[in-house]
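Here is what each chain is made of, one letter per residue.
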Amino acid sequence: MNKSELKPTAVFEQFAKINQIPRPSKREDKMIAYLKNWGESHGLETLVDEVGNVIIRKPATKGYEDCKKVSLQSHMDMVCDKLPDVEIDFDNDPITTYVDGEWMRAKGTTLGADDGIGCAMELAILESNDIEHGPIECVFTRDEETGLTGAEGMKAGFMTGDYLINLDSEDEGEIFVSCAGGRTTSAQFDIRRQPAPEGSFFIKGSVKGLVGGHSGDDINKKRANGLKILVRFVYQEMKKYPDVHLVRFHGGSLHNAIPRGGYFVLAVPDAIKENIRADWNVFAADVDEEFHVTDSQIVWRMRSYDPEPIIDDEIARRFIYALQAVDNGVYSVCQDEALGGMTETSSNLARVETNESTIDIVTSQRSNVMSNLDNMCNTVEAVFELAGAKVTHSEGYPAWKMRADSELQRIVKYTYHKLFRKDPVVRGIHAGLECGLFAERYPNLDMISMGPTLRDVHTPDERLLIPTVQMVWDHLLLTLKSVPHQQ
């Protein structure tokens, strides 16, 4: 398959154009301008609100004028991540894509299908002249990936639909009707540095090549967290050798991504450097075996490092102990049988950065139950505060609760079965969706989320399963055609 053969053609043509437009989270100005110019050039009502969300409205086709209005919604920003050896300026360069069998990928970077493919579907519908539908409005929100600030800043009344179809899900055949709320917890250790003891040997240990993934959708897949692997080794060596001193600890990137690697720097007595190397080799072999199913390509490296001042031993000890102790991964699963035992509450140790005077830590907590989100955040906070760090929390975003009497759910289940002769899976998701914020401002808005199959989003391994785009497209068009008339 080559790009000219991709179906549906209209969607993939729009996606190719979108991937020419730089759109990192919080820096979506070029995409906002593109959408505004696009809507106005097509003679459609186009609005941009105070925070940069864009709405483009299209009247109903003939015979559908009195149908209920549908809001189609995607987010315009993308997570920007790349392999270490890839040169790209995400603020100015396009995303380069290629076809790999049935998958579409990008060359060494995130693909941007999260959620560029949803935006592409919206633009393809807006541009069409042969799709039957009632009145629609296509909503493009900004900055979903780093705090949902576009949805947070949207005022009531900006959207006017009776139904909302969010196009930001990642599993074809699954209709999402609930999502987790989330909050970011940050900790900061103030550090003091001092000269290393005479005769110290400096060692840098690093891991890379972990699978990583989305801290919501992939947190239950038992994948390795690069930071938690590294701290295990440093913790055991500090316990074993009192003269091991910490110089640096670094890894991870985005709050909503499972860290794919990282490194530490230690200063050790010259006499035990070979012991440290031997321990490293044994540790690497043990961890390879531990994660041989989920992370089979871990790359381990240990080498000498240029001398630097060490971190005060007491502060380093408290930091390493806290990192060893802090929760990471699934904390609890949902008790509601309708949600199929999905992850309810989790925490992700996302990023650690050592500077000259501080160590900064970012973690991300999620839960479909807001009281347990508070509990998870408090648990993380308590660990770091006991270790002497300063802790802050973001405001976060609310969970989206399942609506038992949803008319839109009935419609999408009916149209899916009509097309594919099987029922879709209706479930919640542990990732955050903007629907939770919309529910606060639009309490009567009937919502679902759907989308084609994506894998390893938020990483350079992000890929889109091409045949599922046609399936979601067909399902979406039949759903629009099946929207009932106003009562």
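Cut-off values and rules
Residues numbered from 1 in each chain as written. Predicted model: local features only at pLDDT ≥ 70, side-chain atom pairs only at ≥ 80, totals over all residues. Heavy atoms only, no water. Helix = DSSP H or I, 4+ residues; strand = E, 2+ residues; numbered from the N terminus. Rg over C-alpha atoms; globule rule 2.2 N^0.38 Å. Contact = heavy atoms within 4.5 Å. Areas by Shrake-Rupley, 256 points an atom, 1.4 Å probe, with all protein chains shown as cover. Lys, Arg positive; Asp, Glu negative; His and termini not counted. Charge placed at Lys NZ, Arg CZ, Asp CG, Glu CD. Expected span 1.5 Å × (residues − 1). Buried < 20%, exposed > 50% of the residue type's maximum accessible area, 1.4 Å probe, protein only. Arc of directions from axis to C-beta. Pairing = 2+ DSSP bridges. Axes fitted to C-alpha atoms, helices over the stretch in contact; angles between N-to-C directions. Phe/Tyr/Trp six-rings, centres within 6.5 Å; stacked < 30°, edge-to-face > 60°. Disulfide = S-S within 2.5 Å. Salt bridge = Lys/Arg side-chain N within 4 Å of Asp/Glu carboxyl O.

> Where do I start with the overall build of the chain in this structure?
Counting its regular elements, the chain contains 11 helices and 25 strands. Against the globule reference of 23 Å for 487 residues, the chain gives a C-alpha radius of gyration of 24 Å, in line with a compact fold. Counting only C-alpha atoms and orienting by the principal axes, one finds that the chain spans roughly 85 × 45 × 45 Å. Counting contacts in the chain only where the partners sit at least 6 residues apart, residues at least 24 apart contribute 80% of the total. Surface exposure of the chain reaches about 19900 Å², of which carbon and sulfur atoms provide 48%. Here the chain contributes 53 positively and 76 negatively charged side chains, and the mean placements of these two sets differ by 1 Å.

> What exactly am I supposed to notice about helix 2 (residues 29-41) here?
In an α-helix, one full turn covers 3.6 residues, which means residues spaced three or four apart are oriented alike. The terminal C-alpha atoms of helix 2, which comprises 13 residues, lie 18 Å apart, in line with the 18 Å expected from a rise of 1.5 Å per residue. Within helix 2 the residues assigned to the buried category are Met31, Ile32, Leu35, Trp38 and Gly39. Down the axis of helix 2, the sector holding all buried residues measures 135 degrees, keeping them to one side. Residues Asp29 and Ser41 are exposed on helix 2 and point more than 90 degrees away from its buried face. Tucked into the core, helix 2 has its buried residues touching helix 1 (9-18), strand 1 (45-48), strand 2 (54-58), helix 3 (113-127) and strand 6 (136-141). Count one or two residues on from helix 2 and you reach Gly43, which has phi positive near 70 degrees.

> Explanation requested: the sheet that holds strand 25 (residues 463-465) in the structure shown.
Strand pairing in a sheet relies on backbone hydrogen bonds. The paired strands run either parallel or antiparallel. Spatially, 4 strands are ordered 4-5-25-24 in an open sheet, and the strand pairing comes out antiparallel. Both edges of this open sheet fall to strand 4 (97-100) and strand 24 (454-455), since each of them pairs with a single strand only. As paired elements, strand 4 and strand 5 (residues 103-106) share 4 bridges and run antiparallel to each other. Note on strand 5: the bridge partner recorded for Val99 is Met104. Across the face of the sheet, helix 11 (residues 466-481) comes into contact with strand 4, strand 5 and strand 25 while running at roughly 55 degrees to strand 25.

> Even after reading the chapter, I still don't get the packing of aromatic side chains, so can you show me in this structure?
Two aromatic rings are characterised by how far apart their centres lie and by the angle between their planes. On inspection of all chains with the given rule, the structure shows 11 aromatic pairs. Ring centres of Phe233 and Trp280 lie 5.0 Å apart, and the angle between their planes is 80 degrees; this geometry places the pair in the edge-to-face category. Of this pair, Phe233 sits in helix 5 (residues 226-240) while Trp280 is found in helix 6 (residues 273-290), placing the two residues 47 residues apart along the sequence. You can call Phe233 buried: its relative accessible area is 0%. Using a relative accessible area of 4% as the deciding quantity, one classes Trp280 as buried. Here Phe233 and Phe283 contribute two aromatic rings whose centre-to-centre distance is 5.4 Å and whose plane-to-plane angle is 55 degrees, an arrangement assigned as tilted. Separated by 50 residues along the polypeptide, Phe233 in helix 5 and Phe283 in helix 6 bring together distant segments of the chain. Three or more aromatic residues link up through ring pairs in this structure, and these residues are Phe233, Phe264, Trp280, Phe283 and Trp300.

> Could you clarify how one ought to interpret the side chain of Ser364 in this entry?
Mapped onto the elements, Ser364 comes out in strand 20 (residues 358-367). For Ser364, a relative accessible area of 4% gives the class buried. Excluding its chain neighbours within four sequence positions, the residues that come into contact with Ser364 are Arg183, Thr184, Ser215, His255, Ser346, Ser347 and Asn348.

> Explain the state of the cysteines to me, please; I cannot follow it from the model alone.
The bond known as a disulfide is covalent and runs between the sulfur atoms of two cysteines. Under the definition given, this model contains 0 disulfides. Cys80 carries a free sulfur, and the closest cysteine sulfur to it, the one in Cys119, is 14 Å from it. Residue Cys80 is classed as partly exposed on the basis of its relative accessible area, which comes to 23%.

> Even after reading the chapter, I still don't get the pattern of salt bridges, so can you show me in this structure?
Note on pairing: side chains with opposite charge can pair once their charged atoms come close. As enumerated under the stated definition, the model contains 32 salt bridges in all. Its salt-bridge partner being Arg142, residue Glu28 comes within 2.7 Å of it at the nearest N-O pair. Within this pair, whereas Glu28 is found in the loop between helix 1 and helix 2, its partner Arg142 is found in the loop between strand 6 and helix 4 (149-153), the two being separated by 114 residues in sequence. Comparing Glu28 with Arg142 shows no difference in burial state: the two are buried. Glu137 is paired through a salt bridge with Arg57; the nearest N and O atoms lie 2.8 Å apart. Of this pair, Glu137 sits in strand 6 while Arg57 sits in strand 2; the two residues are 80 residues apart in sequence, bridging distant segments of the chain. Summarising the burial analysis for this pair, Glu137 and Arg57 share the class buried. Where salt bridges share partners, they join Asp218, Lys221, Arg223, Asp456 and Arg463 into one cluster.

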